[in-house]
Amino acid sequence: MHRDMQIIEQTTEFVLQDRSAVAIGKFDGIHLGHRKLIFQLLEQKRKGLIATVFTFDTSAAAFFNGEEKELTTKAEKRRMFEEMGIDVLIEFPLNRETAATDPEEFVRRYLAEQMRAAYVCAGPDVSFGKNGAGDYALLERYAPRYGYRTELIDKVRLSGGEEISSTAIREAVRKGDMKLVRDMLGKAYSVSGHVEHGSQFGRSMGMPTANLIPEADKLLPPNGVYYSRVIIGEEGGEYRGISNVGCKPTVSAEGRIGIETYLYDFEGDLYGKDITVMLLAFRRPERKFEDAEALRRQMETDIAAGREFVMGTCQHP
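Values in this document were obtained by computation on a predicted structure and should not be read as measured data. (Residues numbered from 1 in each chain as written. Predicted model: local features only at pLDDT ≥ 70, side-chain atom pairs only at ≥ 80, totals over all residues. Heavy atoms only, no water.)

Visitor: Looking at this structure, how should I read the layout of surface pockets?
Guide: Empty space among the atoms becomes apparent when a probe as large as a water molecule is rolled across them. A volume near 670 Å³ is recorded for the second largest pocket. Along its surface, the second largest pocket is lined by 30 residues, and Arg79, Met80, Glu83, Ser192 and Thr276 are the ones closest to its centre. Of all elements in the fold, only helix H3 (74-84), strand S7 (189-196), strand S9 (224-232) and strand S12 (274-285) reach the threshold of two or more residues within the lining of the second largest pocket. Split into classes, the residues belonging to the lining of the second largest pocket amount to 12 nonpolar, 8 polar and 10 charged. (1 Å grid on protein atoms, 1.4 Å probe; cavity = no way out; pocket = protein on both sides within 12 Å on 5 of 7 lines; lining within 4 Å. Points joined across faces, edges and corners; volume = space filled by probe spheres on them. Helix = DSSP H or I, 4+ residues; strand = E, 2+ residues; numbered from the N terminus. Nonpolar A, V, L, I, M, F, W, Y, C, P; charged D, E, K, R; others polar.)

In C-alpha cells, the structure reads:
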C-alpha cells in the first residue's frame with residue numbers, strides 16, 4: 001500500500017513542487033469510469049509527472065441543492081486513492097467565493113500556476129467555475145496558452161450499453177440492486193468504520209455480530225438483510241458474512257441506522273477494530289418480529305442461507 005500521498009485540504013493557497021498530471025472530477029463511488037481516468041493519470045506518473053487528483057471537498061449537488069448522501073465518504077476516497085498510487089489529492093474547498101471563480105481564472109491560477117499542470121484529463125461532463133461554465137472544451141481551448149495538454153476520457157458502458165455514472169449507481173443502491181452496483185463499480189459496494197457495542201442480542205442467542213455505524217453522509221441501500229463479505233482492518237483477513245442494514249426494530253427503539261453482521265467461521269473480538277462490509281446481494285427486507293424468539297428463528301434461517309450463498313445467485317427466505 002502507498003503511504004506517502006499528500007492531501008491538500010481546506011485551502012486554496014498551495015503550490016505543487018513539480019509538473020503534474022491532473023485528473024479533475026467528483027469521483028463519487030470511484031467507479032469503472034473514474035478508474036479509467038486514474039489509469040491514464042498513472043501512465044503519466046510513469047513518465048515523471050506528479051499524479052494529482054483534483055476534486056471538491058463538497059459536491060456541487062450538496063453545496064447548491066443540499067444533497068448529502070454519497071457513494072464514497074471522504075475517508076473512503078482517501079484510502080482508495082492512496083492504494084491506487086496517487087501522489088497528491090486536492091480536496092478543493094467549495095464555497096461562495098470559489099464557486100464564483102471565472103473559469104479561465106480557475107485554469108490560469110489553479111491548474112497552470114499552482115498545480116503546474118502538464119497534462120489534464122477529465123470526462124465529458126466535467127464542470128467547474130462560475131455557473132459550472134468550465135467544461136472540457138474550455139480546458140482544451142486554454143491548453144496552448146497555459147502549457148498543458150488535455151485528454152478526454154469517454155464514458156464507460158456496461159456490456160448491455162448502460163452508461164456508468166455516479167447517478168446511475170446511486171439509483172441502483174437506493175433500489176438494492178447490488179449486482180448492478182457491483183458491475184458499475186468494478187467491485188462490491190462497501191461500508192467501512194469502527195465496530196461498536198450493540199444490543200448483544202445476537203451474542204445472547206449464540207450468534208455474535210459486529211455492529212458498524214456508517215458515517216452520516218454514506219448512502220445505504222434499503223433496510224434489509226444482505227449477503228456480505230467482511231474485511232477486518234488491514235491484516236485481519238476476509239470472511240463471509242450476512243448483514244442487516246437498518247434499525248433492528250425488534251430489539252431497539254432508537255431508530256439509529258447501522259449494519260450488523262454475522263461473520264462465518266470467525267472467532268475473536270472485533271470491538272474497536274476497523275472493518276469493511278461488502279454488500280453482495282439483497283436477501284429480504286428488514287421487519288419487526290412479534291418477539292425475540294421469532295427473530296432468533298429468522299436469524300438462524302438467514303445464517304443458514306448465507307452459508308449456501310454463491311455470488312451471482314439470489315436466494316430468498
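What follows picks up the thread again.
Visitor: Even after reading the chapter, I still don't get the pattern of salt bridges, so can you show me in this structure?
Guide: Any two side chains of opposite charge can pair, given that their charged atoms come close. Under the counting rule described, the total for this entry stands at 21 salt bridges. Residues Arg109 and Glu13 are paired through a salt bridge, measuring 2.7 Å at the closest nitrogen-oxygen approach. Linking Arg109 in helix H5 (residues 103-114) with Glu13 in the loop between strand S1 (6-9) and strand S2 (20-24), this pair joins segments that are 96 residues apart in sequence. Take Glu13: its relative accessible area is 57%, and that puts it in the exposed class. For the salt bridge of Glu91 with Arg78, the shortest nitrogen-to-oxygen distance reads 2.8 Å. Of this pair, Glu91 sits in strand S4 (residues 88-92) while Arg78 sits in helix H3; the two residues are 13 residues apart in sequence, bridging distant segments of the chain. The network of salt bridges with common partners includes Glu293, Arg296, Arg297 and Glu300. (Salt bridge = Lys/Arg side-chain N within 4 Å of Asp/Glu carboxyl O. Buried < 20%, exposed > 50% of the residue type's maximum accessible area, 1.4 Å probe, protein only.)

Visitor: So what exactly am I meant to see when it comes to the confidence of the model for the protein here?
Guide: Keep in mind that low pLDDT regions are not for reading the predicted coordinates in detail. With 89% of its residues at a pLDDT of at least 70, the protein reaches an overall mean of 89. With pLDDT under 50 throughout, residues 313-317 is counted as low confidence; its partners more than four residues away or in other chains account for 12 contacts. (pLDDT = per-residue confidence, 0-100. Contact = heavy atoms within 4.5 Å.)

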